[in-house]
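Structure at a glance
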Amino acid sequence: MRYICQICGYVYDEEREGIPFSELPDDWKCPMCGAPKAMFAAEEEENRETESGETVIDTDMTEISPGILAALFSNLARGSEKQYKAEESELFRKIAEYFTSVSLSLSEEDTGDLKEISKDNSGRLFPSVMDRASSVGDRGALRACTWASKVEMIVQALLDRYEKEGESFLENTSVWVCSICGFVYVGDAPPAICPVCKVPDWKFTEVV
């Protein structure tokens, strides 16, 4: 059986590794992007989801937080920039700046609220936008939404880890953020290539 990381696509092959995936410790992480074990899916399950082609569209966006919208429009701006659509990129950037300005700074006590917001919105916003982008053939928007959804997943994993370990997991290490897609990586040095958008390590910024 093979298991695939939903963040970077790393494949854990039980036959090659010699250890069943189920026997890996709970704190095992993807060797490429650091995603937790829970973010791996059996290859056959992933294929079934892909082959079904079903997309659930939820038009109710009233509960989506400013922070998530800021991340979405920031990635749309970068996707447009990669397609040399300067006008569209600038418009998305301005919208992202607006939502960033209205986002409240979070204290440690707010972490639980952030997790609940992330869970409530998981799978709601991105499929809707991606369906629309697909219908009009906007590859930049599709790419941006894919990046943003994966970044949201890794942030959720880091919040889970923070709840279990506290700030100890940040001791004697650094936090790196990809300046292109927003992927967050905890480690002494950034990955050689961003697991999400595939840019080189010099595109990462050390934030802690």
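Residues numbered from 1 in each chain as written. Predicted model: local features only at pLDDT ≥ 70, side-chain atom pairs only at ≥ 80, totals over all residues. Heavy atoms only, no water.

Most of strand S4 (residues 174–178) is tucked away: four of the five residues are buried. Looking at chain direction, S4 and strand S5 (residues 184–187) are connected through four bridges and run antiparallel. Paired with Ser 174 across the strands is Gly 187, a residue of S5. Adjacent in sequence and paired antiparallel, S4 and S5 are bridged by five residues, among which Gly 182 carries a positive phi angle near 90°. Sheet topology note: the S4/strand S6 (residues 204–206) ladder contains three bridges and is antiparallel. Looking at the pairing, Val 177 lines up with Thr 205 of S6. (Buried < 20%, exposed > 50% of the residue type's maximum accessible area, 1.4 Å probe, protein only. Helix = DSSP H or I, 4+ residues; strand = E, 2+ residues; numbered from the N terminus. Pairing = 2+ DSSP bridges.)

One can find Ser 174 in strand S4. Classification of Ser 174 by relative accessible area gives buried; the value is 10%. At 2.7 Å, the side chain of Ser 174 and the side chain of Glu 206 are in polar contact. (Polar contact = N/O pair within 3.5 Å; in protein donor to acceptor, adjacent residues only side chain to side chain.)

This brings us to the state of the cysteines. If you walk through the whole model with that rule in mind, you get zero disulfides. Between Cys 5, a free cysteine, and Cys 33, which holds the nearest cysteine sulfur, the sulfur-to-sulfur gap is 3.7 Å. (Disulfide = S-S within 2.5 Å.)

Bringing the sheet that holds S4 into the picture now. Taken in spatial order, the three strands line up as S5-S4-S6 in an open sheet, and their pairing is antiparallel. The outermost strands of the open sheet, each flanked by one partner alone, are S5 and S6. Pairs of neighbouring strands in the sheet enclose a mean axial angle of 30°, with direction left out of account. (Axes fitted to C-alpha atoms, helices over the stretch in contact; angles between N-to-C directions.)

This paragraph deals with the confidence of the model for the chain. Detailed conclusions should not be drawn from predicted coordinates in areas where pLDDT is low. The pLDDT averaged across the chain works out to 75; a share of 72% of its residues lies at or above 70. For residues 55–62, every residue scores under 50 in pLDDT, and the model assigns this stretch eleven contacts once sequence neighbours within four places are set aside. (pLDDT = per-residue confidence, 0-100. Contact = heavy atoms within 4.5 Å.)

Time to look at helix H7 (residues 139–165). Taking 1.5 Å of rise per residue, the 27 residues of H7 would be expected to cover 39 Å, and the 39 Å separating its terminal C-alpha atoms lies within 8% of that figure. Looking at the residues trailing H7, positive phi occurs at Gly 166, about 70°. (Expected span 1.5 Å × (residues − 1).)

What follows deals with the sheet that holds strand S3 (residues 40–42). Ordered by their spatial adjacency, three strands build an open sheet running S2-S1-S3, and the pairing between neighbours is antiparallel. The two strands at the open ends of the sheet, each matched to only one other strand, are strand S2 (11–13) and S3. Across the sheet, the mean angle separating the axes of adjacent strands is 25° when strand polarity is ignored. Note: strand S1 (residues 2–5) against S2, three bridges, orientation antiparallel. Note that in S2 the partner of Arg 2 across the bridge is Asp 13.

Of all hydrophobic cores here, the largest spans 30 residues; its most connected members are Cys 5, Phe 40, Cys 178, Cys 181, Phe 183 and Cys 194. Among the elements of the structure, S1, S3, H7 and S4 are those that each provide at least two residues to this core. Among all residues touching Cys 178, those that are not within four sequence positions of it are Phe 183, Cys 194, Cys 197, Val 199, Lys 203 and Phe 204. Of all hydrophobic cores here, the second largest spans eight residues; its members include Ala 70, Ala 96, Ala 133 and Ala 141. (Core = buried A, V, L, I, M, F, W, Y, C linked by side-chain atoms within 4.5 Å.)

Below, the discussion takes up the packing of aromatic side chains. Taken as a whole, this structure holds seven aromatic pairs when the rule is applied. Taking the centre distance of 6.5 Å and the plane angle of 80° together, the rings of Tyr 10 and Phe 40 count as edge-to-face. With Tyr 10 in the loop between S1 and S2 and Phe 40 in strand S3, this residue pair connects regions lying 30 residues apart in the sequence. Given a relative accessible area of 7%, Phe 40 falls into the buried group. Members of the aromatic cluster, each reached through a chain of ring pairs, are Tyr 3, Tyr 10, Tyr 12, Phe 21, Trp 28 and Phe 40. Positioned above the aromatic ring of Phe 21 is the side chain of Lys 37, whose terminal nitrogen or guanidinium carbon lies 5.4 Å from the ring centre. (Phe/Tyr/Trp six-rings, centres within 6.5 Å; stacked < 30°, edge-to-face > 60°. Lys NZ or Arg CZ within 6 Å of the ring centre and 35° of its normal.)

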